[in-house]
Amino acid sequence: MKKKLLISTFFFFVILFRSQVGVLKNYGEENLDKDSVAILVKDDSDKFSSEKRIKELTIIAKPKKHLSKKENPAYRILQGIWENKERNRLENQDFYEYKKYSLVTTGLNNLDSILMKKILEQDYAEIKKILTQGENREISEIPIFRKEMTDDVYGSNFYKKERVDREGERKLGISDGGFGIDMLSDSFMCVDVYNDDLRILDKSFVSPLSTGGYSVYDYVLRDSVMVGDKTEYKVYFFPKTSEDILFQGFFTVVDRVFALSYIRMNTTKHTNLNLVRRLSIEKEFAKFGDNLYLPKKETIEGDFTFLGKKSNKMGLSIKKDIYYYNYVLNKSRESSFYDDEKRQTYKGEYNKSERYWDGITVQNNIHSEDISVLSKLKSQKKIKALSSIFYVFSTGYLDVARGLQAGPVWKYLSDNDIEGFKVRLAFRTFFTKNDKLRTYFYGAYGTEDRKFKYGVCLKYLVSSVPRLVLEGSRVHDYFQLGSQLYDDQDLIPRNSNAFLRRGNNYFLTDMSRNSLSADLGIKNNFHVIVSNVYREMKSADPSVFSVNYTLGNLSEKSSIKDFSASISVIYTPKRRAYGYGVEQKIGKRLFTTLKLKYIQGFRGFLESDFSYSKLLLSVQKPFFLSKYGVLKTNFMAGKIFGTLPILLLSPIPTDQSYSLEYYSFSLLNYYNYVTDSYLTGYMEHHFNGFILNKIPLVRDLGLRSLIFYRYAIGSVSDDNIRMNRSTVQYVAPEKLYYEYGFGIENIGYRNIRPIRVDFSWRGSADNYYGIPPANFAIRFGFSVDF
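Everything numeric here is computed off the predicted structure, so don't read it as measured data.

**Quick look at the overall build of the protein**
Broken down by element type, the protein carries nine helices and 36 strands. For the protein, the proportion of its 786 residues judged to be buried stands at 52%. Of the contacts formed within the protein by residues at least 6 apart in sequence, a portion of 66% connects residues at least 24 apart. About 36,800 Å² of surface is accessible on the protein, with carbon and sulfur atoms providing 56% of the total.

**Considering the environment of V235**
Here V235 lies in strand β9 (residues 230–239). Sequence separation between V235 and V220 is 15 residues, and the spatial gap between their C-alpha atoms is 5.6 Å. Every residue in contact with V235, bar those within four places of it in the chain, is listed here: A74, I77, Y219, V220, L221, G249, F250 and F251.

**Points about the side chain of S657**
Along the polypeptide, S657 turns up in the loop between β30 (650–651) and β31 (674–675). Its relative accessible area of 3% is what places S657 among the buried residues.

**Quick look at empty space enclosed by the protein**
Applying the stated criterion across every chain yields a total of six cavities of 30 Å³ or more. Its boundaries defined by the atoms lining it, the second largest cavity holds a volume of some 130 Å³. Among the residues forming the lining of the second largest cavity, the class breakdown is six nonpolar, five polar and three charged.

**Examining the pairing of strand β17 (residues 413–416)**
Where β17 meets strand β18 (residues 420–429), four bridges bridge the pair, whose relative direction is antiparallel. Paired with N416 across the two strands is G420, which belongs to β18. The antiparallel hairpin formed by β17 and β18 contains three residues in its connecting segment.

**Points about the pattern of salt bridges**
It is possible for side chains of opposite charge to pair when their charged atoms get near one another. Enumeration according to the criterion identifies 31 salt bridges in this entry. Salt-bridge contacts for D303 lead to R277; the nearest nitrogen and oxygen are separated by 2.8 Å. Residue D303 is found in strand β13 (residues 292–304), and its partner R277 is found in strand β12 (residues 276–288); the two are separated by 26 residues along the sequence. The exposure class assigned to D303 is buried, which follows from its relative accessible area of 16%. Look at R277 and you get buried, because its relative accessible area is 7%. Beyond isolated ion pairs, a larger network of salt bridges with shared partners links E419, K422, D449, K453 and D477.

**So, helix α8 (residues 381–395)**
Over its 15 residues, α8 runs 21 Å from end to end, which matches the ideal 21 Å to within 8%, given 1.5 Å per residue. Turning to α8, its buried residues number three or more, namely I383, S387 and Y391. Down the axis of α8, the sector holding all buried residues measures 80°, keeping them to one side. Seen from the buried face of α8, the exposed residues on the opposite side, beyond 90 degrees, are K381 and F393. Phi turns positive, to about 85°, at G396, one or two residues after α8.

**Here we look at the environment of F288**
By the element assignment, F288 lies in strand β12. Here F288 falls in the partly exposed class, since its relative accessible area comes to 32%. As for F288 and Y327, which are separated by 39 residues in sequence, their C-alpha atoms are 8.8 Å apart. For F288, the residues in contact, after removing those within four places along its chain, are L294, Y327 and L329.

**Examining a positive patch on the surface**
Taken together, the side chains of R199, K574, R589 and K621 make up a positively charged region of the molecular surface. Secondary-structure assignment places K621 in strand β28 (residues 612–624). With a relative accessible area of 33%, K621 lands in the partly exposed category.

**Some details on the environment of L386**
Relative to the helices and strands, L386 resides in helix α8. Here L386 falls in the partly exposed class, since its relative accessible area comes to 22%. C-alpha of L386 to C-alpha of I119: the two residues are 267 residues apart in sequence and 9.9 Å apart in space.

**Here we look at the nonpolar core**
Ranked by size, the top nonpolar core spans 65 residues in total, and within it I200, Y219, F247, F251 and L260 carry the most contacts. A per-element tally of this core places helix α2 (residues 74–88) first, with six residues. Listed in part, the 47 residues of the second largest apolar core include I560, L649, L667 and I771.

**Topic: a nonpolar patch on the surface**
A cluster of nonpolar side chains, contributed by Y658, I707, Y740, F742, W761, F776, I778 and F780, occupies part of the molecular surface with about 700 Å² of accessible area. Taken together, the elements giving at least two residues each to the nonpolar patch come down to β34 (737–749) and β36 (776–782). Note on F780: relative accessible area 44%, which makes it partly exposed.

**Quick look at the side chain of T572**
With respect to the element layout, T572 can be found in the loop between β24 (559–571) and β25 (577–578). Residue T572 is classed as buried on the basis of its relative accessible area, which comes to 5%. Beyond its immediate chain neighbours, meaning those up to four positions away, T572 contacts N525, F591, T592 and T593.

**Brief notes about the pairing of strand β32 (residues 677–686)**
Every other side chain in a regular strand lies on the same face of the sheet, so the side chains alternate between the two faces. Burial analysis of β32 places eight of its ten residues in the buried class, the great majority of the element. Summarising the sheet, strand β29 (residues 630–641) and β32 pair through ten bridges and their orientation is antiparallel. When the sheet's bridge partners are listed, T633 is paired in β32 with M683. Across ten bridges, the pairing between β32 and strand β33 (residues 704–715) is antiparallel. Along β33, the bridge assignment pairs L679 with I713.

The rules we used
- Residues numbered from 1 in each chain as written.
- Predicted model: local features only at pLDDT ≥ 70, side-chain atom pairs only at ≥ 80, totals over all residues.
- Heavy atoms only, no water.
- Helix = DSSP H or I, 4+ residues; strand = E, 2+ residues; numbered from the N terminus.
- Buried < 20%, exposed > 50% of the residue type's maximum accessible area, 1.4 Å probe, protein only.
- Contact = heavy atoms within 4.5 Å.
- Areas by Shrake-Rupley, 256 points an atom, 1.4 Å probe, with all protein chains shown as cover.
- 1 Å grid on protein atoms, 1.4 Å probe; cavity = no way out; pocket = protein on both sides within 12 Å on 5 of 7 lines; lining within 4 Å.
- Points joined across faces, edges and corners; volume = space filled by probe spheres on them.
- Nonpolar A, V, L, I, M, F, W, Y, C, P; charged D, E, K, R; others polar.
- Pairing = 2+ DSSP bridges.
- Salt bridge = Lys/Arg side-chain N within 4 Å of Asp/Glu carboxyl O.
- Expected span 1.5 Å × (residues − 1).
- Arc of directions from axis to C-beta.
- Patch = residues over 30% accessible without salt bridge, like charges linked within 9 Å, V, L, I, M, F, W, Y side chains within 5 Å.
- Lys, Arg positive; Asp, Glu negative; His and termini not counted.
- Charge placed at Lys NZ, Arg CZ, Asp CG, Glu CD.
- Core = buried A, V, L, I, M, F, W, Y, C linked by side-chain atoms within 4.5 Å.

This is the structure in structure tokens:
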């Protein structure tokens, strides 16, 4: 208490002495809590200085209690904003156009002078002079990457379409791959603060302007000023619960039209976010015409750190400045114009002259002193080494030679009952993120079976517009076919690599697979894939897992030859894909995925044993539910037409490890359920702290809760049962099988909280053959998330 009193007294005298901004004596002063919240505006002109200069200091206190709507005059301002928000949006115009300049800067921050001198070595003095503009003071932050982009934006509310054409792009600094800058800055898209929810870093932040904002924020109307002939009100807002995923800050709103002229907000040290020390958003609007206020500048900044949220810990800062200018409203265009969006097809397509970029920076009054610094840092070996460490952690790949990487490193070791301890060494060719040709290959060896396995895959980008990728692969390895329903034909087999496992994992299939496919991107998020696959399959160990079958009166067979062709349609609306190489990167954003796949087997072709048809459907969709969190859903359905042995049927996916495997069941063993028609559903709701943040003491732990429910129902035909001679007795979940439970996630230390623990129960306890008797299970997951 004494410490808080001393701090408050100190800031009080600072305000009086500096005569910057006084505490306003208006409504609500008697309701202020003892814990004042200082909102600082810092001078960013010396952003790399260790001595941040305070340009403005305002102490605004959070209300002592949450006022009713009638008591709080800020509520009338909010009502005006809600009633006029659609009219005040740029997107409300029938037609609109503007230019956009985006600047992404990345730097390492909170570096002490000793460490800085070790990293920069002989360049320290010169870099310090540039960043401090010749002043004699220390620096605590160094830039490592800078990316500039200019875009022409064309939109139409009439057609509900928007087109963005990239005009120019420039990158400078250390390779951005290791720091995941593209992925993170993609999450920092233009933020429409008029939306009820702001989706950033795959989290749903309730906007302070949300129609439901009054239930989670405290608002304080502090001042009104005349700007020209308009009255503007300043409203401060605070999270009612400090740990919730919310912002703290203020906005100014123009009277009568209730349009925003400015907003600034940031998370606090209590906000329940991982790897994030601080996230801030600042947006400025300019008057256009009589009563329309359009975005002028937007700044989104994230301060990321592994070491905790204290301000003196080293971290990585990513700042995105967006400038909007040259607005043109209500210039009508044909609907087809908005569909003809340009795509990058080759390196250097968006290169512009230095004169071009100088004109952009001068026009927008942008400081560019870090350009000369970045030119020097490109050759710094220690900075490159630090980038390489980040790269391994974020991608799993390690540079071993020019154009060659090893990885993913965490898939190198595994264990199962057939192969024993298994070592897999995998590599890929990699020159740049936008290679047109990429090759993957691996070799594996098991200490128990003493057999060598291998795989090789080749991908080539034939055309960029339309996007066409050809792929061919050859794999000979052991597969766990009881772990997935929708076969994406990954090169490296899934789900047979758990060290901590339960039961016996000898249900492995020895498979030789050759495949060819063509992926045609008709549009950015609409793909059609045609493929051919030839497989030879048998049990990895017939003594413990027989896959035998018979056709009519013929003798039993223990192996399968199968040739099939398939066509898949994949639709991913609102997905953010970037890059123009053979493999595109996906931004850190949840999106809907719809997959429809038809497979046709051809008997006799290449001595194939069976003729059949398969129809598969997968729908994956997230639901952002504002302050209540995110609901993630996945539904899969399939139907097989034909009589087939066990290796070509559809077992309900199972996970026989103590780790979490998404879209599988934790209380089943492999091949407990075998189907030829099925429907499965997986639902997980992540509360993101909504519940646990409300419980005293527990909220200090930073934990988050989740609930889940998954089910399966299906059948298997009598013909398929009669064919079966394997060691598996066919049973299908003709009655609904389901599992449910809850979990605790965000377990860890300081700012790194990757651990999740699930508690699962089985809802249907039918005593089917082979189903484990246990109706309860505990599973552990590991996932790095914000």
